[in-house]
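# Report on the structure
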There are 2 protein chains.
Amino acid sequence: MKQRKIIIAIADGVGDRPIKALEGLTPLQLAKAPHLDRIAREGVTGMMDPLFPGIPVGTDMGHLILFGNDPKLYPGRGPIEAAGVGLTLQAGDIAFRCNFAYRDANGIIVDRRAGRIRQGTQEIAQELEGLMVEDVEVHFSPATEHRAVLVLSGPGLSPAVSDTDPKAPNDGVAYKPAQALEDSPSARKTARILNQVLEIAYERFSSHPVNLDRQAAGLYPANFIITRGAGMMTDFQPLCQEFGYQAAVVAREDTVLGMGRLSAMTVITDDRLTGNVDTDPELKADLALQALKTHDLVYAHIKAPDVMGHDNQPLGKIQAIEVFDRMVGRILAGLDDQTYIALVADHSTPCEKGEHSGEPVPIAVWGPSIRQDMVSHYDEIDCSRGGLGRLTGREFLFSLLDLANWVKKQGN
Amino acid sequence: MKQRKIIIAIADGVGDRPIKALEGLTPLQLAKAPHLDRIAREGVTGMMDPLFPGIPVGTDMGHLILFGNDPKLYPGRGPIEAAGVGLTLQAGDIAFRCNFAYRDANGIIVDRRAGRIRQGTQEIAQELEGLMVEDVEVHFSPATEHRAVLVLSGPGLSPAVSDTDPKAPNDGVAYKPAQALEDSPSARKTARILNQVLEIAYERFSSHPVNLDRQAAGLYPANFIITRGAGMMTDFQPLCQEFGYQAAVVAREDTVLGMGRLSAMTVITDDRLTGNVDTDPELKADLALQALKTHDLVYAHIKAPDVMGHDNQPLGKIQAIEVFDRMVGRILAGLDDQTYIALVADHSTPCEKGEHSGEPVPIAVWGPSIRQDMVSHYDEIDCSRGGLGRLTGREFLFSLLDLANWVKKQGN
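Residues numbered from 1 in each chain as written. Chains lettered and ligands numbered in written order. Predicted model: local features only at pLDDT ≥ 70, side-chain atom pairs only at ≥ 80, totals over all residues. Heavy atoms only, no water.

Condition: UniProt positions are given in the numbering used here, feature names are shortened, and annotations may be inferred rather than shown by experiment.
Identification of chain A as 2,3-bisphosphoglycerate-independent phosphoglycerate mutase, archaeal form from Facklamia hominis CCUG 36813 is taken from an unreviewed UniProt entry. Here is the UniProt Pathway (unreviewed entry) comment for chain A, exactly as written: "Carbohydrate degradation."

The structure is reproduced here in structure tokens:
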């Protein structure tokens, strides 16, 4: 355990633009957030570009960076979704996003979503448990509703294989077996094994009691898997391994939890948490403070600001910020004088755009021996005059870790 | 066409240093430029290093970056001059800056500038039209006075060939055929073909009526070509292609227009424009607004501030800034509420230095939903406290494109 510790509070998508309906202010400017403002006033502030000025990032990429990974190691959607449903990945594993589907005996995909199946997918998925094809281990895990994730783990695989999902709105077309997308032994091997896995799934799923029951009830059976978005897990070397600190993340969202797993962090969640404004910020704070007893760095994530940005709800976003402020206030009350707290976001989600933008997000750090600046309000405008200036996500993370004296010297 | 649009107004070389003769102020601080100041006051400002802090760049490099290209793809002077005179280049083409010269039968370069020929070069150049040497196509185009550009287009060429120009002040020395500067088939092929082109030019130019007339009038004939500055055209992949927007540039200077051509932009010029303070800024504004009807991004370039910086004319530079301000004012008056306007320069040209410097230039952006800062004057001092902080040229361009919602998300 380190002598100094850090809590990073993440307000997902909190950055915004001035909004006419808010008289030209941003939600952060207008929200009543006394704890965020206290951190800005007593600490040091600045602006952060998660990846590069002007480039929007996804929640996965934003957290990949905040969790201490080189953005060049972004592995694509498949591995991130796999980690999100709790699968463990090794470098070189190939992961696919999947649907359960209903296929007939002629290979026609009658329904890409197997009648939007919601129940019994866990039991059906069990049929592939422990499956080995050649020297490749197969892992298959359901996600929400008809969605699932498939992982192939073994030597000499490649993500260069075609999608077998005919994609919406193409119900009623024949399933196309996977093909190698490049002329390499690894791509050919991956396509061959994937096709065998899909045929085995068809055979085993078709006779599964859940599917027999569905057919008896006039529902489409979930007797097949269609795949898309193949991605190869990269060799993550998160900073927690390089600098020898223990990290944890408290969140509810699968993407964030999955990225935490990929980053060698402890992931902490609770059924009483939600991914919206009705979450329990006090519980989240308590879980974070609890985790701090056994970890050096704890992330506490609130999803609601991003949801409100996507939905173009400026007033909802203000409410979400106030929920975030409650969490931060409870954390502040429980901190000792050797712990830093930082405010950050993974990206901006301006209400008017309803999508992520590449504008920088405000950052603030509070704790022992901080080079305090003149900024007294945590928002996109005031923090642009802050003492930290404008940093990338990776630069900001290094700056934080260094405040706690964890970063190794370069040179001598 | 995009929903939101952008105009970028470029004041070439406008950045300066405090000048004693101006009581310690810069030309931008002293100029009466109400429209530039309005953009600073109602928008967001900052400072921009075109390439890297402290590294001066040329007009070509500065515009290469502003026009959305990776600075690593800078192809050298030859290709840029070739594009400047209207030649179309492909990746892999080799371009040379040339002089028309007068050579005698013994290979002595009697005059490197062919008596500073001004008339008839277009007709002489026609002699090489359609020339093929081996599998290489030859393009040759006159520029101003005795200058010209030669392009070799074909497979397996290299820029690693020696100059055939003996360089000033070496009139009266023998012409040296081009040699390969590295031991490669492509360098040897390029030298061999170049030498054949030069001999063919000597043969054809010598008997050209323009030259026979010059000799009859006691003038040196332009019967030869000498070459320097070989450069290979790189594989430009400008952002307009990556993000699918249509761009145009309104300018008079050949270098800027050529860089626009290389960057897949529409180039717009007019004989009534000049490269100095006597240009017509209202016409330039009208051409830019006109271009905006059929393009998403329009650049409007004014050369005069750079000229005055090179000539160490602080008062002239103030006048040039006021010309720029007139252009910007006219543009502002014609904008709708979905268009951004940005102020920028390609580099600083401090009067006291009379050359480009590596100091950053002020930037400002005005338009819908801007994170307005506290800066109210467009100059090198005030904008250093602006909300954008300090960005490279590429970072600034991405930030602008992202404001208009054109930049693709990284991750998901």
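## Notes on the interface of chain B and chain A
This is how the line gets drawn: Whether two residues are in contact is decided by their heavy atoms: any pair within 4.5 Å suffices. Here the quantity called buried area is the accessible surface, traced with a 1.4 Å probe, that two parts lose on coming together, added over both. In the sections that follow, a salt bridge refers to a side-chain nitrogen of Lys or Arg positioned within 4 Å of a carboxyl oxygen of Asp or Glu. Pairs of N or O atoms are called polar contacts if they sit within 3.5 Å, as long as, within protein, a hydrogen donor faces a hydrogen acceptor (for residues adjacent in sequence, only side-chain-to-side-chain pairs). Only runs of H or I of at least four residues qualify as helices and only runs of E of at least two qualify as strands under DSSP, and these elements are numbered from the N terminus. Classification convention: Asp, Glu, Lys, Arg as charged; Ala, Val, Leu, Ile, Met, Phe, Trp, Tyr, Cys, Pro as nonpolar; all other residues, Gly among them, as polar.
Listed by partner, the interface residues are 23 residues for chain B and 32 residues for chain A. When the two sides are added together, the surface that chain B and chain A hide from each other amounts to roughly 2200 Å², 51% of it contributed by carbon and sulfur. For the pair chain B and chain A, the interface holds three salt bridges. Between the two partners, chain B and chain A, sit 16 residue pairs in polar contact (both at pLDDT 80 or more). For the side of chain B that touches chain A, the element with the highest residue contribution is helix α13 (residues 393-403) of chain B, accounting for six residues. Class assignment of the residues belonging to the side of chain B that touches chain A gives a composition of seven nonpolar, nine polar and seven charged.

## Some remarks on the relation of the copies chain B and chain A
In plain terms, the rule: For the least-squares superposition of copies, only C-alpha atoms count, and only for residues with pLDDT at least 70 in both.
Structural alignment of chain B on chain A gives an RMSD of 0.2 Å, achieved by rotating through 122 degrees and translating 0.2 Å along the axis. The operation mapping one copy onto its partner corresponds to a three-fold rotation axis.

## A few points about the side chain of Ser153(B)
All names here are of chain B. If you trace the backbone, Ser 153 turns up in strand β7 (residues 147-153). In this structure the side chain of Ser 153 is engaged in a polar contact, spanning 2.9 Å, whose partner is the side chain of Asp 93. If we ignore the near neighbours within four places in the chain, the residues touching Ser 153 are Asp 93, Asp 135, Val 136, Glu 137 and His 139.

## Quick notes on the sheet that holds strand β15 (residues 390-392) of chain B
Residues and elements named next belong to chain B. Put simply, the rule reads: Only when DSSP finds a minimum of two bridges between them are two strands counted as paired. Axis definition: a line fit to C-alpha positions, over the contact stretch in the case of helices; interaxial angles, taken between N-to-C directions, run 0 to 180 degrees.
Taken in spatial order, the eight strands make up an open sheet running β11-β10-β12-β1-β13-β14-β2-β15, and their pairing is mixed. In this open sheet, the two edge strands, each paired with only one partner strand, are β11 (266-268) and β15. Each adjacent strand pair in this sheet contributes to an overall mean axis angle of 25 degrees, direction not counted. Pairing of strand β1 (residues 5-11) with strand β12 (residues 297-302), which is carried by six bridges, proceeds in the parallel orientation. When the sheet's bridge partners are listed, Ile 10 is paired in β12 with His 301. The sheet strands contacting helix α9 (residues 254-262) are β10 (247-250), β11 and β12, and the helix crosses β11 at an angle near 160 degrees.

## What about the environment of Val149(B)?
Residues and elements named next belong to chain B. Locating Val 149 in the fold gives a position in strand β7. A sequence separation of 135 residues divides Val 149 from Val 14, and the C-alpha atoms of the two residues are 29 Å apart. Residues within four places of Val 149 in sequence aside, it is in contact with Gly 78, Glu 81, Ala 82, Val 85, Leu 87, Phe 96, Cys 98, His 139, Phe 140 and Ser 141.

## Focus on empty space enclosed by the protein
Stated precisely, the cut-off is as follows: The way it works is a 1 Å grid over only the protein atoms, where trapped points that fit a 1.4 Å probe form a cavity and open points with protein on both sides within 12 Å along at least five of seven lines form a pocket, and then any residue with an atom within 4 Å of a point lines it. Grid points are joined across faces, edges and corners, and a volume is the space filled by probe spheres set on the points.
Here the structure, examined in full by the defined rule, presents one cavity of 30 Å³ or more. Quantified by volume, the largest cavity comes out at close to 230 Å³. What lines the largest cavity is a set of 21 residues, among which Glu359(A), Pro360(A), Val44(B), Arg371(B) and Leu388(B) lie closest to the centre. When residues of the lining of the largest cavity are assigned to their parent elements, the largest contribution, five residues, is made by α13(B). Looking at the lining of the largest cavity residue by residue, the class counts come to ten nonpolar, six polar and five charged.

## Points about the domain arrangement of chain A
Residue and element names in this part refer to chain A. Basically, it comes down to this: Where each domain begins and ends is defined by an automated method or by a domain database.
For chain A, the domain assignment lists domain 1 (5-74 + 237-404) and domain 2 (79-233). Summarising the inter-unit geometry, the C-alpha centres of domain 1 and domain 2 are found 35 Å apart. Contacts between the two partners involve eight residues from domain 1, matched on the other side by seven residues from domain 2. A combined buried area of about 610 Å² lies between domain 1 and domain 2, and 74% of that area is made up of carbon and sulfur atoms. On the domain 1 side of the interface with domain 2, the three residues burying the most area are Asp 254, Arg 261 and Leu 262, jointly 70% of the side's total. Counting across the interface, domain 1 meets domain 2 through zero salt bridges. Connecting domain 1 to domain 2 are one residue pair in polar contact (both at pLDDT 80 or more). By residue number, the principal contributor to the side of domain 1 that touches domain 2 is helix α9 (residues 254-262), which donates six residues.

## Quick word on the UniProt feature "domain: Metalloenzyme" (unreviewed entry) in chain A
The feature "domain: Metalloenzyme" (unreviewed entry), as given by UniProt, occupies residues 5-393 of chain A in the numbering adopted here. This span, residues 5-393 of chain A, is 30% helix and 21% strand, and a straight line between its end C-alpha atoms measures 19 Å.

## As for the sheet that holds strand β2 (residues 44-49) of chain A
Residue and element names in this part refer to chain A. The strand order β11-β10-β12-β1-β13-β14-β2-β15 describes an open sheet built from eight strands, whose pairing is mixed. Only two strands of the sheet have a single partner each, and these edge strands are β11 (266-268) and β15 (390-392). Here the strands of the sheet are splayed against their neighbours by 25 degrees on average, with no regard to which way each runs. Two strands pair when backbone bridges link them, and β2 and strand β14 (residues 361-366) are joined in this way by five bridges, in the antiparallel orientation. For Met 48, the partnering residue across the bridge sits in β14 and is Val 361. Where helix α2 (residues 34-42) meets the sheet, it contacts β2, β13 (339-344) and β14, and its direction lies at approximately 70 degrees from that of β14.

## A closer look at the nonpolar core
Defined as follows: Each nonpolar core is a collection of buried residues, namely Ala, Val, Leu, Ile, Met, Phe, Trp, Tyr and Cys, held together in the definition by side-chain atoms within 4.5 Å. Between buried and exposed lies partly exposed: a residue is buried under 20% and exposed over 50% of the maximum accessible area for its type, with that area taken using a 1.4 Å probe on protein chains only.
If you look at the biggest cluster of nonpolar residues, it comprises 103 residues, and the most contacted ones within it are Ile8(B), Tyr299(B), Ile331(B), Val365(B), Phe396(B) and Leu401(B). Of all the elements, helix α12 (residues 314-333) of chain B adds the most residues to this core, at nine residues. Mapping this core onto the domain boundaries places at least three of its residues in each of domain 1 (5-74 + 237-404) and domain 2 (79-233) of chain B. Judged by nonpolar contacts, the second largest core, of 98 residues, contains Ile8(A), Met48(A), Leu283(A) and Ala345(A).

## Observations regarding the pattern of salt bridges
Inspection of every chain in the model, using the stated rule, returns 49 salt bridges over all chains. The closest approach of N and O atoms between Glu359(A) and Arg17(A), which form a salt bridge, is 2.8 Å. Note that Glu359(A) is positioned in the loop between β13 and β14 and Arg17(A) in the loop between β1 (5-11) and α1 (27-30), a separation of 342 residues in sequence. Judged by its relative accessible area of 0%, Arg17(A) falls in the buried class. Residues Asp286(B) and Arg330(B) are paired through a salt bridge, measuring 2.7 Å at the closest nitrogen-oxygen approach. You can see Asp286(B) sitting in helix α10 (residues 281-292) and its partner Arg330(B) sitting in helix α12, a full 44 residues away along the chain. Arg330(B) sits in the partly exposed class, given a relative accessible area of 38%. Salt bridges sharing partners connect three or more residues here, namely Asp12(A), Glu253(A), Lys303(A) and Asp306(A).

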